[in-house]
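Examination of the molecular architecture
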Amino acid sequence: MRHIFSSGVALSLGMLVHAAYAQDDIQRVHITGSSIKRIAAEGALPVQTLTRAQIEQSGVNSVADLVAMLPAMQGFTTASSSVNGGSNGVQTASLHGIGEGYTLVLLNGRRMAPATSGSTVNLAGIPLSAVERVEILADGASTLYGSDAIAGVVNFILKKDQQALVIEAGLNRPQESGGRSHSASITKGWGDLDKDGYNVLLSAARDEQRALHVSQRSFSQSGVIPFTQDGKRYALYRLSTNAQPGRATVRYLDAAGQPNSVVFTPDYLATGKCNGMRLYLVDKACQFDFTSLVQALPEHQRDSLFGSANVKLGENTTVFAELVGSRFDSIAQYAPLANGYSVPIGGNMYNKSVAPHLARLGISPAQVTGASMNVRLLDAGGRTNDFRTDVRHLTLGLEGNLAKWDYSASHTHSQNKASDSAVGGYVDNAKFQALLDSGAFDPFAPAGSAASVLAPIVLHKKVSATDSRLDVFNARASTSLFGLPGGSAQLGIGADASRQSYQYDPDLAFFPGSKPVDAHRRNWGSYAELLLPLAKQLDLTAAARYDSYSAVSNAYSDSGTQGNSASKATYKLALRYRPLEPLLLRSSYGTGFKMADLTSIVNPLQDGGASGFHVCPITNRSDPRYALCFPGSTEYTLLTGGNPFKGEAGLKPEQSRQASIGLRYEPASQLSLGLDWWDVRLTNQIQTLSEDVVFDNPTVYDALFRTYYNPIQKLNVLAAALTPFNLASSRFQGVDWDHTLKLPTAVGKLGVHWTGTYMLKSEQEAPGAGVEKNIGRFNSYSNVTFRIISRLAATLATSQRWAHTAALQYRSGYTDQVYSVGAATVVELREDGSAGPFVAMKRQVSSYTTLDWQSKFAWNASASLTFGIRNLLDRAPPFTIRTAGGGNQSGYDGRYADALGRQFYLRGSYRF
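These remarks concern the structure in this document. For every chain, the first residue of its written sequence is number 1, and the numbers climb from 1 along that sequence. With pLDDT at 70 or above as the cut-off, local features in this predicted model cover only qualifying residues; side-chain atom pairs require 80 or more to be listed or tallied, and sums for whole chains, interfaces and linings still use all residues. Where side-chain values are given, they derive from all heavy atoms of the structure, hydrogens and water being excluded.

Moving on, we come to the overall build of the chain. A tally of helices and strands in the chain yields ten helices and 48 strands. Here the globule rule reads 2.2 Å times residues to the power 0.38, and the radius of gyration is calculated from C-alpha atoms. The C-alpha atoms of the chain give 29 Å as radius of gyration, which agrees with the globular expectation for 912 residues (29 Å, within 12%). Along the first, second and third principal axes, the C-alpha atoms of the chain reach 95 × 65 × 50 Å. Buried positions account for 56% of the 912 residues belonging to the chain. Under the DSSP-based scheme used, a helix requires at least four consecutive residues in state H or I and a strand at least two consecutive residues in state E, with every element numbered from the N terminus. Note on exposure labels: buried denotes an accessible area under 20% of the residue type's maximum, exposed denotes more than 50%, and partly exposed covers the range between, all computed with a 1.4 Å probe on protein chains only.

What follows is the structure, encoded as structure tokens:
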């Protein structure tokens, strides 16, 4: 198998050296990133276009999968992150690892309502069946779309001016069980815009994917995974201290009168063993293999509808309307509910399960100052969330030309409504507390006998809802001004005004201490772009933009408005030079700025969930907070919220500078070589300090650690407050390549397309953390930037009916998350296979290469059938000991590798 794989790589590289590929159909459209109406195959800015044919050759099922395939994309949110990773069904785009909030996603060149309160769009709401092509502008801070597009622009162009009835259907089946998917769509158009003066297009689609459970793949079945490193045997021990039977924590004053604590499982001390499945003994407590019960990929269903209408009013004016509607349900399941509760001293639970073991632990009853317990409700079933997203996107406008001006004006109303419903595993907190108080449920008893007791209090209800809306009015025009040696100077001008709103409505019984949000902000901008053909071979483009943002209006604020207003001018200069006919040189330099998200300003301070495993940051035994510490490494509470202040204490806009230098070399019609160097610098970056930085520097950030009363546990806990500030600066730099070639051979037309990104810099500087360089390693936010990502695709058309495509995807290796002994993550295995002591661990994660195959048969001009195999060599994701970042999966990283394995797919299309 290795020999076959190596031969395949060599053959693909050989074809790249000796052959050439060029796209058959060059789209004559407005270039993404320019306000001037013109036709140009290659402009001053690097724009990559994916045609409908290339989309079909990829074999992907969704817009999110398509974006994830692009080498320039990294740092985005994947479907696997919905499995207790905090993404709540959101899937995003992120160019060059700069961040999803800095990548602007457009639909037909227009903004969409974000998933929450910033600018990040949920790709799950865009139907792939309606997409005609995708244009990726890997150059930031567009004066046309907004100076906040710092990383670049991804523009989805939808189908238009189609008359035929087209029916498409597809089926995808992994070789192993789990994760099947299917899709179907129908599209019909009426009228030819040029001949009839109108065109109406309707498209409807449905796609579904079944869940993939980690238990269905050998590399992810458990959080306890043996592995070999440097000739020694170890095991990943990714376990939870929340288990059933429950764990008790007793706080007491030691002989010196200092606060101390001990953690143990009463059932283990009583019986001498851990009674239950997936339990492992660590010291005196039984810990639970929670990752064995989660999903690798959640189940999802998507229904979508797209419609467009274009009507000519005379020779020079066209009115248009576009409507996109979709409903996306992502149903994610993970380990049963885990929580902590107070155990009153002297109560029945304390007397029955805690007090009898005090003497064995060397504690007298008089020394005890408090007790609590942690339990995982296995008998209630796995926690299951239905994350629903409803997208409504409507645009009305007109375009045409008048008095030598090309113009366009439109109004867009876009809405993203999302909800989170508990559909399994969660319990009513008040009713559960009543069961504890009455003794009807014993948290210290083994699992298996309380299902009937817990079933009546399991929740089935909506627990939160968000409503994000964006209204934008946009007008722009362009014209020729005067003659220059290289042609006519052209001017583009425009203005836009928008209102963004965000509402969050939590169920306060489900999220105690949470608060609703009702906020909005207005902004307007204007821009101008001037194209100067200084010579036949030399073009200079100068563009400027001015934006003004209001402060945030918050219905739940006593002051009415929060945060700062801001206004700023930005600019971009771009040069396009063709010294020789086959050689194009281009460069650009510009500035940008980005306002804080609404929630970064208005969100109240509230429970943000559990941290990773940390040693207690309070070391002074006389500090009252020390009494809330636990021995060893454990989870603590995180508090999250916004920064509502004005002036210097509030959030200021982020600022950026970006530059690029590139070339396109086409020595023959069959060969095109593209190379672009780019650089992005961010200052005043809005960030929350990472929990690793805060916990690793407890003296510096002592003020962030506070006592927090947990309304569920009904006791005080130690918490770290993480709120945003302008505290970071970042720099990203790399090289993108886009080589295409085409070659006639004895067996047919051969085409090869090679794209990739080589990262030179990915670093961030923040107080307490210094300069973090995370190319090929994790940063303190548990994210990796890959040095190299590339995709090499070769297509051989043996006849007008048959075409075959092979695609090779490569992602370089990286340094795994580094753990100390205190992290309690990796154990050394003894000769008999039993677990030894926890050890420090630093290792490398291997590179990841997959090969896809596709064959397409066109029966005639109307019917086609496509068969393909994704991950042809069935390459398993590389092993990692990562425990933070993304979802709850173990043994691999679902953000960077596909757990489905080898997949077979079949798709058919018929055009009437």
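What goes into a patch is any residue over 30% in relative accessible area without a salt bridge, connected to like charges within 9 Å or, for nonpolar side chains (Val, Leu, Ile, Met, Phe, Trp, Tyr), within 5 Å. Per-residue and other accessible areas were derived by the Shrake-Rupley procedure at a 1.4 Å probe size, with only the shown protein chains allowed to occlude residues. A pair is scored as a salt bridge if a Lys or Arg side-chain nitrogen falls within 4 Å of a carboxyl oxygen belonging to Asp or Glu. His is not counted here, nor are the chain ends, while Lys and Arg score as positive and Asp and Glu score as negative. To locate a charge, the coordinates of NZ of Lys, CZ of Arg, CG of Asp or CD of Glu are taken. A cluster of basic side chains, namely Lys773, Arg777, Arg787 and Lys842, defines a positive patch on the protein surface. Structurally, Lys773 is set in strand 39 (residues 770-773).

Once that is clear, we can look at the nonpolar core. Val354, Met373, Leu377, Val427, Phe432, Phe441 and Leu454 are the most contacted members of the largest nonpolar core, which has 51 residues in total. Looking at this core, the elements that each hand over two or more residues are strand 12 (247-253), strand 13 (259-264), helix 5 (266-271), strand 16 (295-297), strand 18 (317-336), helix 6 (348-353), strand 20 (368-376) and helix 7 (429-438). Top contributing element to this core by residue count: strand 20, with four residues. Note on contacts: a residue pair qualifies if any of its non-hydrogen atoms lie within 4.5 Å across the two residues. Discounting chain neighbours no more than four positions away, the residues touching Val427 are Leu337, Leu377, Ala380, Phe432, Ile457, Val458 and Leu459. Counting 42 residues, the second-largest nonpolar core is a separate cluster that includes Leu70, Met73, Val121 and Phe156. The set of buried Ala, Val, Leu, Ile, Met, Phe, Trp, Tyr and Cys residues whose side-chain atoms join them within 4.5 Å is what this entry labels a nonpolar core.

Let us look at the packing of aromatic side chains. We call Phe, Tyr and Trp rings a pair once their centres come within 6.5 Å, taking the six-membered ring for Trp, and we label the pair stacked below 30 degrees between planes, edge-to-face above 60, and tilted otherwise. This model, assessed by the stated rule, comprises 23 aromatic pairs. Each ring, one from Phe227 and one from Phe879, has its centre 5.1 Å from the other, and the planes form 40°; the classification is tilted. With a gap of 652 residues between them, Phe227 in strand 10 (residues 224-229) and Phe879 in the loop between strand 47 (863-870) and strand 48 (903-911) connect regions that are remote in the sequence. By definition, being over a ring means that NZ of Lys or CZ of Arg is both within 6 Å of the ring centre and within 35 degrees of the ring normal. Just above the ring of Phe630 sits the side chain of Arg247; from NZ or CZ to the centre is 6.0 Å.

Let us now look at the sheet that holds strand 43 (residues 826-829). Note on pairing: two strands pair once DSSP finds at least 2 bridges between them. Read from one edge of the open sheet, four strands run 10-11-43-44, paired in antiparallel fashion. Looking along the sheet, the strands with just one partner apiece sit at the ends: strand 10 and strand 44 (835-839). Sheet twist, expressed as the mean angle between neighbouring strand axes with direction ignored, is 35°. Here strand 43 pairs with strand 44 via three bridges, running antiparallel. Lines fitted to the C-alpha atoms define the axes, with helices restricted to the stretch that makes contact. Angles between their N-to-C directions range from 0 to 180 degrees.

This part is about the pattern of salt bridges. One pass over the structure, following the stated rule, counts 30 salt bridges. Among the salt bridges present, the one from Arg302 reaches Asp207, with a minimum N-O distance of 3.0 Å. Here the residue Arg302 occupies a position in strand 17 (residues 299-312), and Asp207 occupies one in strand 8 (residues 198-209), the gap between them amounting to 95 residues. Residue class for Arg302 comes out buried when judged on its relative accessible area of 4%.

Glancing now at helix 7. Helical geometry: 3.6 residues make up each α-helical turn, so side chains three or four residues apart lie on a common side. Regarding helix 7, the residues found buried are Asn429, Phe432, Gln433, Leu435 and Leu436. Buried residues of helix 7 fall within an arc of 155° about the axis and therefore sit on the same side. Away from its buried face by more than 90 degrees, helix 7 exposes Ala430, Asp437 and Ser438. Elements that come into contact with the buried residues of helix 7 comprise strand 19 (338-342), helix 6, strand 20 and helix 8 (451-454). We define a polar contact as two N or O atoms separated by no more than 3.5 Å, with the added condition that, inside protein, one atom must be a possible hydrogen donor and the other a possible acceptor, whereas residues neighbouring each other in sequence contribute only through side-chain atom pairs. The opening residue of helix 7 is Asp428, an N-cap whose side-chain oxygen sits 3.0 Å from the backbone nitrogen of Ala430. Phi turns positive one or two residues past the end of helix 7, at Gly439, with a value near 85°. Think of it as the arc spanned by the lines of direction from the helix axis to the C-beta atoms.

The next point concerns the sheet that holds strand 1 (residues 47-50). What the five strands build is an open sheet, ordered 1-4-5-2-3; its pairing is mixed. Strands at the two margins of the open sheet, each flanked by one partner only, are strand 1 and strand 3 (110-111). Alignment of strand 4 (residues 131-137) against strand 5 (residues 152-158), held across six bridges, turns out to be antiparallel. Opposite Val131, over in strand 5, you have Leu158 as the bridge partner.

Residue Pro245 is reached from Gln244 by a cis peptide bond, and omega for that bond is 10°. With a phi angle near 55°, Asn88 is a residue other than glycine that sits in the positive phi range. Phi angles above zero are rare outside glycine, and Asp230 is one such case at about 55°. Position of Asp230 among the secondary structure elements: in the loop between strand 10 and strand 11 (232-237).

What follows covers the state of the cysteines. When two cysteine sulfur atoms are found within 2.5 Å, that pair is recorded as a disulfide. Within this structure, the stated rule accounts for two disulfides. Sulfur-sulfur distance for the disulfide between Cys274 and Cys286 comes to 2.0 Å. For the disulfide bridge between Cys274 and Cys286, the dihedral angle about the S-S bond is near -90°, and by the sign convention the bridge is left-handed. Residue Cys274 is found in the loop between helix 5 and strand 14 (279-282), and its partner Cys286 is found in strand 15 (residues 285-288); the two are separated by twelve residues along the sequence. Assessed through its relative accessible area of 21%, Cys274 is described here as partly exposed. Here Cys616 engages in a disulfide with Cys629; their sulfurs sit 1.8 Å apart. Of the two residues, Cys616 is situated in the loop between strand 31 (606-615) and strand 32 (633-640) and Cys629 in the loop between strand 31 and strand 32; the sequence distance between them amounts to 13 residues.

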